[in-house]
Amino acid sequence: MKAIIATTDFSKASDAAVHYAAQLACRLDVKLILLHATHIPVVSDSYFDMGFTLEELEKSDKETMSELNEKLRKKYGAKLKLEKSVKIGFASELIRDTIRKEGAGLVVMGISHMDKFSQVVFGSTSTSIAGHLSTPVLIIPDKVKFKPWKKIAFTFDQKNLPTGTGERELNEIRQAFDAQMHFVNVMDSPFIGKDETVLKPLQKIFRGVTCKTHFLDNVKGKTVEVIQDWVRRHKASAVVMVARQHGLMWRLLNERTTKRMAFTTKVPLFVMAEKKA
């Protein structure tokens, strides 16, 4: 991994994620790129807040970014290889562009807990981007503090698991902490056999690592709760999920498990894409 991108909108949630990313970058000895997207605030679908010009907003954002940059340098010292970038545009486009130019292997983003209605209707930048990038996204809840990973809960659903979308970056982080791998499957039906076949490609990548597989009984509509209960009881340090791509009707009628997990998790959530973006 050459670099980590940490996005920031200067909010409390993104500030927590930035500090988490800084400590992770120091641990992995890679460059940290702070990224902020300047854009005109949208007040409604037909009205833009034109109280400031884009140039004025960009100037203000650059000043705020410089202050954040200075705080990080003072706190983490020379060990932190730090770069900052403030550009006009939309976050998703700027993240993709930065990944291409910098060869970044991970994007770290913050997330704030919000009410159920807001989760479903509005979501967040983190949940809209996770699973749609060529690199994995590490979502950091706003109250989570950095600490070494001891147990990683890799959730799987007995469908073919992707390769080349983040498992090597995950293994790099795992190696840095010498963490255990726990593959966790929430059974859709008691009539389905406990099949570990889909894990074979991953088991090769994590060869020599302490790996265990767990099959959990599902409660209909409670997949996220079942996973979170396992994470709590086993004191997992992070959860890994594959963001499956679903059709339009499914998205209209259901919530993605990954999205629900992102808004309610108490530990970092490492999201891999189903397919290479």
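Everything below is about the structure printed above this text.
Everything numeric here is computed off the predicted structure, so don't read it as measured data.

Undergrad: Any chance you could explain a positive patch on the surface here in plain terms?
TA: Where like charges cluster on the molecular surface, the positive patch consists of Lys12, Lys75, Lys143, Lys145 and Lys266. Within the secondary structure layout, Lys75 lies in helix H2 (residues 54-76). Residue Lys75 is classed as exposed on the basis of its relative accessible area of 57%.

Undergrad: Just to check I follow, could you spell out the nonpolar core for this structure?
TA: Across soluble globular proteins, nonpolar side chains show a tendency to be buried alongside one another. Ranked by internal contacts, the top residues of the largest apolar core, which has 50 residues, are Ile4, Leu32 and Trp149. By residue number, the principal contributor to this core is helix H1 (residues 12-28), which donates 9 residues. When sequence neighbours within four positions are dropped, the list of residues in contact with Leu32 reads Ile4, Ala6, Val18, Ala21, Ala22, Ala25, Leu80, Lys81, Leu82 and Glu83. Ile111, Ile129, Ala153 and Val226 belong to the second-largest nonpolar core, a separate cluster that totals 36 residues.

Undergrad: Any chance you could explain the packing of H1 against helix H6 (residues 167-177) here in plain terms?
TA: A packed helix pair is summarised by two numbers, namely the angle formed by the two axes and the spacing between the axes. Orientation of H1 relative to H6, taken along the N-to-C sense of each, is 75°, at an axis distance of 10 Å. Judged by the angle between their axes, H1 and H6 are roughly perpendicular. On H6, the residues that touch Leu24, Arg27 and Leu28 of H1 are Glu172, Ile173, Ala176 and Phe177. Across the contact of H1 with H6, the residue classes tally to 5 nonpolar, no polar and 2 charged.

Undergrad: How should the pattern of salt bridges be read in this particular structure?
TA: Here the idea is simple: oppositely charged side chains can pair when their charged atoms come close. Applying the stated criterion to the full structure yields 9 salt bridges. The closest approach of N and O atoms between Lys31 and Glu83, which form a salt bridge, is 3.3 Å. Within this pair, whereas Lys31 is found in strand S2 (residues 31-38), its partner Glu83 is found in strand S5 (residues 81-88), the two being separated by 52 residues in sequence. Accessibility expressed as a relative area gives 35% for Glu83, which makes it partly exposed. Here Lys62 ties to Glu58 by a salt bridge, and the two come within 3.7 Å at their closest N and O atoms. With Lys62 and Glu58 both in helix H2 and 4 residues apart, this pair spans about one turn of that helix. Among the residues examined, Glu58 registers a relative accessible area of 19% and is labelled buried. Where salt bridges share partners, they join Lys31, Glu83 and Glu102 into one cluster.

Undergrad: Looking at this model, I keep getting lost on the environment of Glu93. Mind explaining?
TA: Note that Glu93 resides in helix H3 (residues 91-102). Taking relative accessible area as the criterion, Glu93 reaches 52% and is therefore assigned exposed. Taking the C-alpha atoms as reference points, Glu93 and Ile129, 36 residues apart in sequence, are found 10.0 Å from one another.

Undergrad: How do you make sense of the sheet that holds strand S7 (residues 137-141) when you look at a structure like this?
TA: The strands that make up a sheet pair up through hydrogen bonds in the backbone, lying either parallel or antiparallel. Sheet architecture is open: 10 strands sit in the order S5-S2-S1-S6-S7-S12-S11-S8-S9-S10, paired in mixed fashion. Across the chains shown, the open sheet's two edge strands, defined by having one partner strand only, are S5 and strand S10 (211-217). Averaged over all pairs of adjacent strands, the angle between strand axes in this sheet comes to 25°, irrespective of strand direction. Here 7 bridges tie strand S9 (residues 180-187) to S10, and the two strands are oriented parallel to one another.

Calculation criteria
- Residues numbered from 1 in each chain as written.
- Predicted model: local features only at pLDDT ≥ 70, side-chain atom pairs only at ≥ 80, totals over all residues.
- Heavy atoms only, no water.
- Patch = residues over 30% accessible without salt bridge, like charges linked within 9 Å, V, L, I, M, F, W, Y side chains within 5 Å.
- Areas by Shrake-Rupley, 256 points an atom, 1.4 Å probe, with all protein chains shown as cover.
- Salt bridge = Lys/Arg side-chain N within 4 Å of Asp/Glu carboxyl O.
- Lys, Arg positive; Asp, Glu negative; His and termini not counted.
- Charge placed at Lys NZ, Arg CZ, Asp CG, Glu CD.
- Helix = DSSP H or I, 4+ residues; strand = E, 2+ residues; numbered from the N terminus.
- Buried < 20%, exposed > 50% of the residue type's maximum accessible area, 1.4 Å probe, protein only.
- Core = buried A, V, L, I, M, F, W, Y, C linked by side-chain atoms within 4.5 Å.
- Contact = heavy atoms within 4.5 Å.
- Axes fitted to C-alpha atoms, helices over the stretch in contact; angles between N-to-C directions.
- Parallel < 35°, antiparallel > 145°, perpendicular 65-115°, else oblique.
- Nonpolar A, V, L, I, M, F, W, Y, C, P; charged D, E, K, R; others polar.
- Pairing = 2+ DSSP bridges.

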